[in-house]
Amino acid sequence: MPIWASALAGTLLVQTVCSFASISVPLLGPPLMARAGLAPESIGLVSAISSAGICWFLACGGAMLNHHGPIRTLQMGMACMALGVLVLSQPLGLLGLLGALAIGFGNGPNTPAGSQILIRSAPPAHRTLIFSIKQAGVPLGGALAGLIVAPFVLAHGLSATLAMIIAVLLVCCVVVEGFRKTLNGEKGPGEPRWARALIEPAAMMRCVSALRAHPSLPMLTAVGTSFSLMQACLTAFTATFVYAHHGASLAEAGQVVALMQGASMFGRIILGWLADRMGNALRHLGLQAIISAVAVSLMAMVGGHDPWLMYGSAALVGFTAIGWNGVHIAELARVAPLPLVSSVTSASSLFGFVGSVCGPLFFMMLVSWGGGYEVAFHVMAAQLACFGLVCLFAKRR
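Definitions and limits used
- Residues numbered from 1 in each chain as written.
- Predicted model: local features only at pLDDT ≥ 70, side-chain atom pairs only at ≥ 80, totals over all residues.
- Heavy atoms only, no water.
- Axes fitted to C-alpha atoms, helices over the stretch in contact; angles between N-to-C directions.
- Helix = DSSP H or I, 4+ residues; strand = E, 2+ residues; numbered from the N terminus.
- Parallel < 35°, antiparallel > 145°, perpendicular 65-115°, else oblique.
- Contact = heavy atoms within 4.5 Å.
- Patch = residues over 30% accessible without salt bridge, like charges linked within 9 Å, V, L, I, M, F, W, Y side chains within 5 Å.
- Areas by Shrake-Rupley, 256 points an atom, 1.4 Å probe, with all protein chains shown as cover.
- Salt bridge = Lys/Arg side-chain N within 4 Å of Asp/Glu carboxyl O.
- Buried < 20%, exposed > 50% of the residue type's maximum accessible area, 1.4 Å probe, protein only.
- Expected span 1.5 Å × (residues − 1).
- Left-handed = near helix turned anticlockwise from the far one by under 90°.

*Asks:* Please give an account of the packing of helix H1 (residues 3-27) against helix H7 (residues 110-119) that cites residues and values.
*Replies:* Between H1 and H7, the shortest axis-to-axis distance is 10 Å and the interhelical angle comes to 170 degrees. Between H1 and H7, the crossing angle belongs to the class labelled roughly antiparallel. Mapping the contact onto sequence places Ala7, Leu8, Thr11, Val14, Gln15 and Cys18 in H1 and Asn110, Gly114, Ile117 and Leu118 in H7.

Here's what the structure looks like:
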């Protein structure tokens, strides 16, 4: 197997499994929170703490990645996620929410470690496509969770479902061991104090300072954060928009979301191929931001008029506004100095995850102030279009 194919297979497998595990948790929200002795709405707190865990690794996990190498770090991350699922499932009350932090922290290495592996092995002519295929593991894992978890709970119960998720994570740890000798040799100099770096503010500052390594990195980070804001709002509110605001059934709302996620999986791959053909990823991201903004506004306007218009606009939104991630990460890895690839992708992704937390909060404020879902979607689309225009103007200069 060519080295790039081995790298893609390993990173895609880990990305899909981690996505499957992390998205399974909110799907199990009511029975999982009941077992932990918490109110059902506490699943929102679980999601927030999990996002904080991802930010923690992205900000401070660089030393861990340098010390252990990408494959070993991914294995440690999956083991951490398995431990987090176990802790979260126990009747520990609020203390059990530490499991959510462990799930997020274990999910954090996927972007920087995957980028470090792929940038050294992917053929330059197909680099963006390969990164995009790897990132397609996120919606693929989510789709598998949606198809598998609920029927498994009905057939075997909550305990067996949690055991299945933990087993999938641990089996994947063992499977990727076969890639370690080939792909783990690119670790940096040993850093025996890596564990201390996880709680040092200086480690976060070093991570963020990596964005100074190339003139285009601040612009790439800004447009990526804008896309993250938009994607987080779409993920959080589309089902409610369709169900509560337009009177669709819960099943129809779920179908709209599933179609959006499925379209994003194909969008990441096709847009990655297109970006390779264009040869100008920053311009591609600017154009995609503008097209995505138009698609989101279209969905907001036609949502209540015809079901087929809703399905069609949701597919377009998924293809464009959620299909950006592979192109973005590939360009970050391309322009970053080779020793700083993991640091640059960590720092940029950190800003993106902060945007993922702030975006839904701002969206919710717009709705509660009387603007309604349509106005909120239009405002979020407008900010994405503005960043797309700035991105195009910056590239032209």
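The structure having been displayed, the exposition proceeds.
*Asks:* Before we move on, could you go through the environment of Gly99 and cite the residues and values that matter?
*Replies:* By secondary structure assignment, the location of Gly99 is in helix H6 (residues 98-107). Taking the C-alpha atoms as reference, Gly99 lies 9.2 Å from Ala82; in sequence the two are 17 residues apart. In this structure Gly99 touches Gly84, Val87 and Leu88, once residues within four positions along its chain are discounted.

*Asks:* I'd love a proper account of a nonpolar patch on the surface, names of residues and values included.
*Replies:* There is a patch of nonpolar side chains on the surface, built from Trp273, Leu274, Met278, Leu287 and Ile291 and spanning about 430 Å² of accessible area. Among the elements that line the nonpolar patch, the one with the most residues is helix H15 (residues 250-278), at 3 residues. Along the polypeptide, Leu274 turns up in helix H15. Judged by its relative accessible area of 34%, Leu274 falls in the partly exposed class.

*Asks:* So what about helix H10 (residues 158-175)? Which residues, and what values?
*Replies:* Over its 18 residues, H10 extends 26 Å from the first C-alpha to the last, a length consistent with the 26 Å expected when each residue adds 1.5 Å. By the burial criterion, the buried members of H10 are Leu158, Thr161, Leu162, Met164, Ile165, Ile166, Leu169, Cys172 and Cys173. Against the buried residues of H10 lie H1, helix H2 (29-35), helix H5 (70-88) and helix H9 (137-156).

*Asks:* Can you tell me about the packing of helix H16 (residues 281-302) against helix H17 (residues 307-321), naming the residues and giving the values?
*Replies:* Packed helix pairs are characterised by how far apart their axes lie and by the angle those axes make with each other. Interaxial distance between H16 and H17 falls to 9 Å at its minimum, and their mutual angle equals 160 degrees. On the basis of their axis angle, the class for H16 and H17 is roughly antiparallel. Of the two elements, H16 crosses H17, and the hand of that crossing is left-handed. On H17, the residues touching Gln288, Ile291, Ser292, Ala295, Val296, Met299 and Val302 of H16 are Leu309, Met310, Ser313, Ala314, Leu316, Val317, Thr320 and Ala321.

*Asks:* Residue-level account of the pattern of salt bridges, with values.
*Replies:* The full count for this structure, using the stated rule, is 3 salt bridges. In this structure, the salt-bridge partner of Glu177 is Arg180, at a minimum N-O distance of 2.9 Å. Relative accessible area serves as the criterion here: at 25%, Arg180 is assigned to the partly exposed category. Close ionic contact of Arg334 with Glu331 constitutes a salt bridge, the shortest N to O distance being 2.8 Å. Of the two residues, Arg334 and Glu331 both sit in helix H18 (residues 325-335), 3 residues apart, roughly one turn of that helix. The exposure class of Glu331 is buried, given its relative accessible area of 8%. One network of salt bridges, in which partners are shared, links Arg72, Glu177 and Arg180.

*Asks:* Give a description of the environment of Ser349 that names residues and reports values.
*Replies:* Mapped onto the elements, Ser349 comes out in helix H19 (residues 341-396). Residue classification places Ser349 among the buried residues on the basis of a relative accessible area of 13%. In contact with Ser349, not counting residues within four places along its chain, are Leu58 and Thr111.

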